[in-house]
Amino acid sequence: ALLRAPTSVRHRPLLPLVPRFDLAMCLHFLPVTALLVIAPLMAPEAMAYSCPPGYTGSAQHVTAALRASARAAVALGEPTNPADCSNEGATRQWNGTVLEYIGCSPRCCTCWKSSSPLLEAAAQPLELLSSSWGSALQNVYSAFRTIGDSPDAPGGLLVSMLDTTSTLAATEVSLHQMALNSGSCAIHHGNTCLAFSYLRKDLPPVVYNYPSTVPQLRVGLLVDPEIASSLMTGMFVFNGDTNERQSCANEAGMNVDFSSKWTSEEKGPFACMKSAARMAGVEQGASVFQSAEDPGQKLFGGICDPRIDTCAFMNSGGCMSTEDLGSWPGCMDPHSPEFKDFESCFEFQKRNSSSWEVRFSGSCLPCSQMYVCDASDPPGKAQRVYDAEASEFKAYVGADGNGFPEIFMQPKMNRGSSNNAQCKWKRDSWNSWISASRAAYRDALNAALGEQGNWNGYAWADPAAEGAYFNNEVNAYIYPDASSNLYTDQNDVFMASIMGVVVDTQTCEEKLRFLDGVPSSGTGGVVYKDASARCAAFRAGATTTEQQEIAEANAAARHLADLIGPGTLVLRANFTTNAAPEPLTWRRALAKVLRPEDFMAAL
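All figures in this text were calculated on a predicted structure; none of them were measured in a lab.

## Section: the packing of aromatic side chains
Now for step 1: Evaluation of the coordinates by the stated rule reveals 21 aromatic pairs.
Now for step 2: Considering the side-chain rings of Phe 258 and Phe 360, the 5.6 Å spacing of their centres and the 55° angle between planes classify their relative orientation as tilted. Of the two residues, Phe 258 sits in the loop between strand S10 (256–257) and helix H9 (271–279) while Phe 360 sits in the loop between strand S13 (355–359) and helix H14 (365–368), which places them 102 residues apart along the sequence. Of the two residues, Phe 258 and Phe 360, neither departs from the other in class, the shared state being buried.

As structure tokens, this is what we get:
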């Protein structure tokens, strides 16, 4: 009777006491014999509209025989009011089967209507309702809704974003392959680090994908953190720029000029390097650069038992960044008791009459010691110090990490302080990291909104400002010898943890549309007032259109799923931008009510 209800009835909830009623879920628990008895009663006419009220999936009720073609072309409806779809009545056809968009209160979904003889088969409902895709999707949703209290049982999801070109060219999925490509956070020296974003219902759904990155990182690998727990080594509240935290190795892939960072004053950024350069005979005005070949001081050359926390932590982005080294008080102030330790980090070699190469190869604490967050109050006035007893650089962020915003987000958020200068959390500080992250997101949203509605334009995806990257970061240490038993064990865990593939098909303007009417800061003399202007600036260097990017990303996602194996779930994921706080989504996350269905659906 439910399935034969007329359109006017289908548009309102039929079972008010069970608004999320799903016929598939009910039948799933019936014994097989009961399903075989029911199946002959479900004639094609009775099966015509099988979307129950409130169902949000797009192609899950398409038959297994048609799913391969249908899921690539069927899109969700755009709601125009709570009980209708803008594409109401639109149809598409594949192999004799008609898919018809039908409004499903209180949201829109895609229902199907079919004259296909496949539906007449008695076994069809059993195949339909026991779909591995449906089960996999529910596992993803369930994980996202789960709030755990330890790194061993955290709930949530991990996502590693990949570049489309490397993904299309991939011949396998493995930790080794990931560490060699864009999922890596140590691409050039060691290949021992992997980066993820952590998603859960109490955190904004933000991943590493800044608008100026062209082509966009649209494809991601979805991982279960409870299975991959043993691989995780540490976490950042915001993107940690881990590529620059590899024991002072140059991971930029090019020479880095440091003399341009020096000032004419005795104090200032990289004053310790300038002082060391003068003692080494570097002439005034000479160029000083770090070679792309400088491996820094990778602990044990990056090779260590992953069960040794310090080694695994250090070789997955666990020391301070080279940029932060230059802005640390011990490097900036010649009168600091730490100045000599920082000054000893550098060795210089003259390359020609006007340039010198600097290597971070001296006896250097910042390159060889961990830089960690300590969820306690500082023992003195300084909040960032070197703890000689623990052999760690520390940032004291207060109980439960609530002091993080004061240290790294004041007087305003920016890439240098909020990303590159922040401390890293040890794995066993999971709960404090979550608490600090939520405090930071709350502070970031309030700072962007300003006082009395005076929005601070620098925080709203300003192409002219060095804005913060708001995605968090979780790192894994990868043993570099892919022929070893240690690596094999790690890779087995990683492969078992894969839940599916995600692809973000939003355009830049779609992702930033909430900023229409929101002016930027005016940095550089330009005020951007809407998504269109912002995206034109962010994508100024793009060589392909977004439509081409999206088409290639869809192909890359399918290719990645094929490499993983049959039955791999592919999800469309409309992640929130990492360039600005999106108030509605962020507030739902802070209230712990964010729904995975709001931004993820089977493709």
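After that view, the rundown keeps rolling.
## Structural notes on the pairing of strand S18 (residues 473–477)
Now for step 1: By the criterion of burial, S18 is predominantly enclosed, with five of the five residues buried.
Now for step 2: Of the two faces of S18, the one carrying Glu 473, Asn 475 and Tyr 477 and the one carrying Val 474 and Ala 476 are both buried.
Now for step 3: In this structure, strand S7 (residues 193–199) lies alongside S18, joined through four bridges in antiparallel fashion. Across the sheet, the residue bridging to Cys 193 is Tyr 477, located in S18.
Now for step 4: Across four bridges, strand S9 (residues 232–236) lies against S18 in antiparallel orientation.

## Topic: the environment of Cys 331
Now for step 1: Residue position: Cys 331 is located in helix H12 (residues 329–332).
Now for step 2: Assessed through its relative accessible area of 0%, Cys 331 is described here as buried.
Now for step 3: Along the chain, Cys 331 and Met 273 lie 58 residues apart, while their C-alpha atoms are 7.8 Å from each other.
Now for step 4: Residues in contact with Cys 331, not counting those within four places in the same chain, are Gly 268, Phe 270, Ala 271, Cys 272, Met 273, Leu 325, Gly 326, Phe 339 and Phe 342.

## Quick notes on the sheet that holds S13
Now for step 1: In spatial order, the strands read S10-S11-S13-S12; together these four strands make up an open sheet with mixed pairing. Each having just a single partner strand, S10 and strand S12 (347–352) make up the two edges of the open sheet.
Now for step 2: One ladder, built from five bridges, connects S12 with S13; its direction is antiparallel. Bridging across to S13, Gln 349 finds its partner in Glu 357.

## Things to note about the sheet that holds strand S8 (residues 219–223)
Two modes of strand pairing occur in sheets, parallel and antiparallel, and in both the strands are linked by backbone hydrogen bonds.
Now for step 1: One open sheet holds the nine strands; their spatial order is S17-S9-S18-S7-S6-S8-S19-S20-S21, and the pairing between them is mixed. Only two strands of the sheet have a single partner each, and these edge strands are strand S17 (425–426) and strand S21 (600–602).
Now for step 2: Pairing of strand S6 (residues 157–162) with S7, which is carried by three bridges, proceeds in the antiparallel orientation. Residue pairing in the sheet places Leu 158 in a bridge with Tyr 198 of S7.

## Re the nonpolar core
Now for step 1: Membership of the largest hydrophobic core comes to 106 residues, with the highest contact counts inside it found for Leu 325, Phe 346, Phe 348 and Phe 494.
Now for step 2: Of all the elements, helix H17 (residues 430–449) adds the most residues to this core, at nine residues.
Now for step 3: Counting 25 residues, the second-largest nonpolar core is a separate cluster that includes Leu 137, Leu 222, Val 502 and Met 600.

## Focus on helix H20 (residues 531–538)
Now for step 1: Buried residues of H20: Ala 531, Arg 534, Cys 535 and Phe 538, and no others. The buried residues of H20 occupy an angular sector of 95° when the element is viewed end-on, so they sit on one face.
Now for step 2: Where H20 is buried, its residues meet helix H19 (508–512).
Now for step 3: One side-chain oxygen of the residue at the start of H20 lies 3.4 Å from the amide nitrogen of Ser 532, identifying that residue as Asp 530.

## What about the state of the cysteines?
Covalent bonding between the sulfur atoms of two cysteines defines a disulfide.
Now for step 1: Under the criterion given, the structure shown has seven disulfides.
Now for step 2: Between Cys 373 and Cys 423 runs a disulfide, and the two sulfur atoms are separated by 2.0 Å. The sign of the 105° torsion about the S-S bond sets the Cys 373-Cys 423 disulfide as right-handed. Of this pair, Cys 373 sits in strand S14 (residues 370–374) while Cys 423 is found in the loop between helix H16 (415–420) and S17, placing the two residues 50 residues apart along the sequence.
Now for step 3: The disulfide partner of Cys 508 is Cys 535, and the gap between their sulfur atoms is 2.0 Å. The disulfide joining Cys 508 to Cys 535 has a torsion of about -85° about its S-S bond and is therefore left-handed.

What counts and what doesn't
Every residue gets a number counted from 1 within its own chain, in the order that chain's sequence is written. The model is predicted, so local features are restricted to residues of pLDDT at least 70 and side-chain atom pairs to those at 80 or more, both for listing and for counting; the totals for chains, interfaces and linings are taken over all residues. Note that the side-chain values use all heavy atoms of the structure and ignore hydrogens as well as water. Each Phe, Tyr or Trp ring (for Trp, its six-membered ring) is paired with any other whose centre lies within 6.5 Å, and the angle between the two planes then decides the class: stacked below 30 degrees, edge-to-face above 60, tilted in between. Helix and strand definitions here come from DSSP, where helices need a minimum of 4 consecutive H or I residues and strands a minimum of 2 consecutive E residues; each element is numbered from the N-terminal end. Residue exposure (1.4 Å probe, protein chains only): buried if accessible area is under 20% of the type maximum, exposed if over 50%, otherwise partly exposed. The pairing criterion for strands is at least two bridges between them, as found by DSSP. We call two residues in contact whenever any of their non-hydrogen atoms come within 4.5 Å of each other. Only buried Ala, Val, Leu, Ile, Met, Phe, Trp, Tyr and Cys residues count toward a nonpolar core, and they belong to the same one when joined by side-chain atoms within 4.5 Å. The arc refers to the directions leading from the helix axis to the C-beta atoms. We call two N or O atoms a polar contact when they sit within 3.5 Å, provided that within protein one can donate a hydrogen and the other can accept it, with sequence-adjacent residues counted only if both atoms are side-chain atoms. By definition, disulfides here are pairs of cysteine sulfur atoms that lie within 2.5 Å.

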